[in-house]
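Structural overview for review
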Amino acid sequence: MSEFWFFLEVLLSGMFAGTMYSLVALGFVLIFKASGVFNFAQGTMVLFAALCFVGFLEMGWPIAVAAIVSVAVMIAWAVAVERLVLRHLVNQAPIILFMATIGIAFFLEGFGEFIWGGDVHPLNVGIPNDAWFVGPEGEMMIQQFDLAAAVIAGLLVTVLALFFHYTRIGRALRAVADDHQAALSVGIPLNQIWVIVWSVAGFVALVAGIIWGSRLGVQFSLSIIALKALPVLILGGFTSVPGAIVGGLIIGAGEKLSEIYIGPFLGGAIEEWFAYVLAMFFLLFRPQGLFGERIIERV
């Protein structure tokens with residue numbers, strides 16, 4: 001394999017991996033845009049949604065039915081979160097809401113294990129996992145599964161970006177994020193908005209859980225994937241839907257390339273910490289991220 005085709009294969013492999021991170025990051029962006037609060041429970045929502053889906057499949061339900069019922073479960077979860085937690089914390093400091101999401105995460109993880117058990121659940125939804133060989137002599141390999149995940153992530157980003165910018169509900173979501181009290185004063189139903197955005201985030205979590213579960217199996221380590229979404233959010237911006245994809249592509253490509261070309265000089269394992277170091281530099285020089293909104297406060 002020529003050096004060019006090898007470099008291109010590593011680059012594309014990293015970018016495809018980055019789209020997987022972006023699927024998780026999208027859920028964080030949705031909640032943050034609607035409430036201004038980082039949802040620590042998003043990684044656990046990915047796990048719980050995937051557990052419900054694979055659990056229904058193991059009960060013998062068709063894939064379509066399992067998917068629809070799983071979406072219904074995540075909507076019911078959104079209603080429960082709004083009724084039991086969020087509506088009691090309107091106009092509270094962001095740190096209070098953040099701590100609430102930590103409690104939600106621990107509850108949801110324990111609840112998922114109570115219902116579905118702690119075993120690893122293999123998941124196969126029919127996404128092809130064969131390889132294509134491209135190039136003049138077939139020098140470069142592309143996994144069909146990675147390409148399918150990238151297409152799904154791209155479609156989700158396109159739909160969500162259009163939703164936020166061109167729909168009435170999307171504009172209401174941005175208004176709620178800017179100021180809860182002002183949104184209420186102009187007639188925006190805060191409780192309904194929160195249910196909608198948590199439901200959409202639950203749907204995104206289900207898609208991410210199915211994709212990740214198809215690759216790794218549905219297991220409790222899926223919730224740790226949320227930690228990889230943090231650098232993606234920092235790079236792309238906490239309020240940007242397209243930024244979640246761009247940040248994921250940068251993180252995915254950067255960690256693969258650094259592992260191959262820099263790893264041999266530093267003892268390897270760069271892929272484990274590259275994303276966090278890159279995010280640290282972004283926090284120092286551009287804390288709002290590539291597409292985030294710069295906020296200036298007068299003191």
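Residues numbered from 1 in each chain as written. Predicted model: local features only at pLDDT ≥ 70, side-chain atom pairs only at ≥ 80, totals over all residues. Heavy atoms only, no water.

This paragraph deals with the overall build of the protein. Scanning the protein for helices and strands turns up twelve helices and two strands. When the helices and strands of the protein are listed from N to C terminus, the series reads α-α-α-α-β-β-α-α-α-α-α-α-α-α. Its C-alpha atoms give the protein a radius of gyration of 20 Å, near enough to 19 Å, the size a compact globule of 299 residues would have. Taken across its 299 residues, the protein has 47% of its residues classed as buried. For the protein, the proportion of contacts with a sequence separation of at least 24, taken over those separated by at least 6, is 73%. Roughly 14,500 Å² of accessible area belongs to the protein as shown, and the carbon and sulfur atoms make up 68% of that amount. In the protein, 12 side chains carry a positive charge and 19 a negative one; their mean positions are 18 Å apart. (Helix = DSSP H or I, 4+ residues; strand = E, 2+ residues; numbered from the N terminus. Rg over C-alpha atoms; globule rule 2.2 N^0.38 Å. Buried < 20%, exposed > 50% of the residue type's maximum accessible area, 1.4 Å probe, protein only. Contact = heavy atoms within 4.5 Å. Areas by Shrake-Rupley, 256 points an atom, 1.4 Å probe, with all protein chains shown as cover. Lys, Arg positive; Asp, Glu negative; His and termini not counted. Charge placed at Lys NZ, Arg CZ, Asp CG, Glu CD.)

Formed by 79 residues in total, the largest nonpolar core has its most connected members in Val24, Leu26, Met45, Trp77, Val197 and Trp198. The dominant element in this core, judged by the number of residues it contributes, is helix α8 (residues 190–216), at 14 residues. The next biggest cluster of nonpolar side chains, apart from the first, holds five residues, and it includes Trp5, Phe16, Met140 and Ala150. (Core = buried A, V, L, I, M, F, W, Y, C linked by side-chain atoms within 4.5 Å.)

Take Ser240: it is sitting in the loop between α9 (225–236) and α10 (241–261). Overall, Ser240 belongs to the buried group, its relative accessible area being 8%. From its side chain, Ser240 meets the backbone nitrogen of Gly243 in a polar contact 2.8 Å long. In this structure Ser240 touches Val29 and Phe291, once residues within four positions along its chain are discounted. (Polar contact = N/O pair within 3.5 Å; in protein donor to acceptor, adjacent residues only side chain to side chain.)

Once that is clear, we can look at the pattern of salt bridges. Summed over all chains, the structure comprises two salt bridges. Arg83 is paired through a salt bridge with Glu82; the nearest N and O atoms lie 3.7 Å apart. Across the salt bridge formed by Asp146 and Arg215, the nearest N and O atoms sit 2.1 Å from each other. You can see Asp146 sitting in helix α5 (residues 144–166) and its partner Arg215 sitting in helix α8, a full 69 residues away along the chain. (Salt bridge = Lys/Arg side-chain N within 4 Å of Asp/Glu carboxyl O.)

Scanning the model with the defined rule gives one cavity of 30 Å³ or more in all. Roughly 60 Å³ of internal volume is contained in the largest cavity. As for the largest cavity, its lining consists of Ile31, Ser35, Val37, Leu86, Leu97, Thr101, Trp194 and Trp198. Listing elements by their share of the lining of the largest cavity, those giving two or more residues are α1 (3–35), α4 (94–116) and α8. (1 Å grid on protein atoms, 1.4 Å probe; cavity = no way out; pocket = protein on both sides within 12 Å on 5 of 7 lines; lining within 4 Å. Points joined across faces, edges and corners; volume = space filled by probe spheres on them.)

What follows concerns the packing of α1 against α5. The contact between α1 and α5 brings their axes to 8 Å, and the two run at 25°. Judged on the interaxial angle alone, α5 and α1 are roughly parallel. Between α1 and α5 the crossing geometry is left-handed. Here Phe16, Thr19, Met20, Leu23, Leu26, Leu30 and Lys33 of α1 come into contact with α5, specifically with Phe145, Asp146, Leu147, Ala149, Ala150, Ala153, Leu156, Val157, Leu160 and Phe164. A per-class count over the contact of α1 with α5 returns 14 nonpolar, one polar and two charged. (Axes fitted to C-alpha atoms, helices over the stretch in contact; angles between N-to-C directions. Parallel < 35°, antiparallel > 145°, perpendicular 65-115°, else oblique. Left-handed = near helix turned anticlockwise from the far one by under 90°. Nonpolar A, V, L, I, M, F, W, Y, C, P; charged D, E, K, R; others polar.)

With their axes 9 Å apart at the nearest point, helix α2 (residues 42–58) and α4 run at an angle of 15° to one another. In terms of orientation, α2 lies roughly parallel with respect to α4. As α2 packs across α4, the resulting crossing turns out to be left-handed. Facing α2, whose interface residues are Thr44, Met45, Leu47, Phe48, Leu51, Cys52, Gly55 and Phe56, α4 presents Ala105, Leu108, Glu109, Phe111, Gly112 and Trp116. Here the contact of α2 with α4 is composed, by residue class, of ten nonpolar, three polar and one charged.

Of note, Met280 is situated in helix α12 (residues 270–285). Looking at Met280, the relative accessible area reads 43%, which means it is partly exposed. Separated by 45 residues in sequence, Met280 and Leu235 place their C-alpha atoms 9.6 Å apart.

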